[in-house]
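# Observations on the model geometry
Okay, here's what each chain looks like letter by letter:
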Amino acid sequence: MLFRSQHLAVSPDGKWLLTAGAMPIVRCWPIANGLVVPPATVRGLTAAAGPVTDLAFSPDGTHFAASSEDKTVAVWDTAAFAAAAGDLPPKWKLAHDAPVRGLALANTEPRLATCSDDGFVAMWDLRSGKLAERMTQTQPQRSRSEEHTSELQSHSFISYAV
């Protein structure tokens, strides 16, 4: 069967290429000397029950994530993935109320921003896998104390297109 890639991400260290498309699988292609190694070494990770809609690595390369039409985001620990063989369950499976269309990982903190078809943007803490903040285009809805507000506002994020 032909696997048609619609999304891709390259790890910051250049060792992995992720591809995904209309299937619920993320293909992980090892890279050596700037070239993808033979297809026999490609690994598939089950990301979701529906098509994958976006892929991203954290800037420090410690995590990678896949969003899906099944209203979830799967987050893997890169070191655990590299040490394991075959399919590896995600470290975190994050739930939205609608299909998730985009994601970005923070530059300075273990944070993940996601957006979904219901118009919400969510900020996730990757240390705990818990929702840190949920926002609409008009007003944030905080799930932590107001002391946390200045910390969230100081983060720099990778831009992403939806």
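The structure we're discussing is the one just above.
Heads up: these notes are all about the structure in this document. Bear in mind the structure is a predicted one, so any value in this text is a computation, not a measurement. (Residues numbered from 1 in each chain as written. Predicted model: local features only at pLDDT ≥ 70, side-chain atom pairs only at ≥ 80, totals over all residues. Heavy atoms only, no water.)

## Side note on the environment of W92
Here is the rule we go by: The helix and strand labels rest on DSSP assignments: H or I over at least four residues marks a helix, E over at least two residues marks a strand, and numbering proceeds from the N terminus. Residues count as neighbours in contact if any of their non-hydrogen atoms are within 4.5 Å of one another.
Here W92 lies in strand β9 (residues 92-95). Through-space distance from the C-alpha of W92 to that of S128 is 8.6 Å; in sequence the pair is 36 residues apart. Residues within four places of W92 in sequence aside, it is in contact with V73, A74, V75, L126, R127, S128 and G129.

## Some thoughts on the environment of P99
Positionally, P99 belongs in the loop between β9 and β10 (100-105). Sequence separation between P99 and S67 is 32 residues, and the spatial gap between their C-alpha atoms is 8.4 Å. In contact with P99, not counting residues within four places along its chain, are S68, E69, K71, C115, S116 and D117.

## A short note on the environment of T19
Using the following cut-off: Any pair of N or O atoms that falls within 3.5 Å is considered a polar contact. Within protein, one atom must be able to donate a hydrogen and the other to accept it, and sequence-neighbouring residues count only if both atoms are side-chain atoms.
Mapped onto the fold, T19 is located in strand β2 (residues 16-21). Between the C-alpha atoms of T19 and L8, which are eleven residues apart in sequence, the distance is 4.4 Å. Reaching out from T19, the side chain makes a polar contact with the side chain of W29 at a distance of 2.9 Å.

## Focus: the nonpolar core
Note the following rule: For our purposes a nonpolar core is just a set of buried Ala, Val, Leu, Ile, Met, Phe, Trp, Tyr and Cys residues, chained together by side-chain atoms within 4.5 Å. In this scheme, a residue with accessible area under 20% of its type's maximum is buried, one over 50% is exposed, and one in between is partly exposed, where area comes from a 1.4 Å probe on protein chains only.
In this structure, V26, L45, L55 and W76 are the most contacted members of the largest nonpolar core, which totals 18 residues. If you list the elements that add at least two residues to this core, you get β2, β3 (25-32), β6 (52-57), β7 (63-68) and β8 (72-77). With residues up to four places along the chain from it excluded, the contact list for L45 reads P24, I25, V26, C28, F64, W76, F81, G86, D87 and L88. In terms of nonpolar packing, the next biggest core, distinct from the first, is built from twelve residues, A65, V75, L105 and L112 among them.

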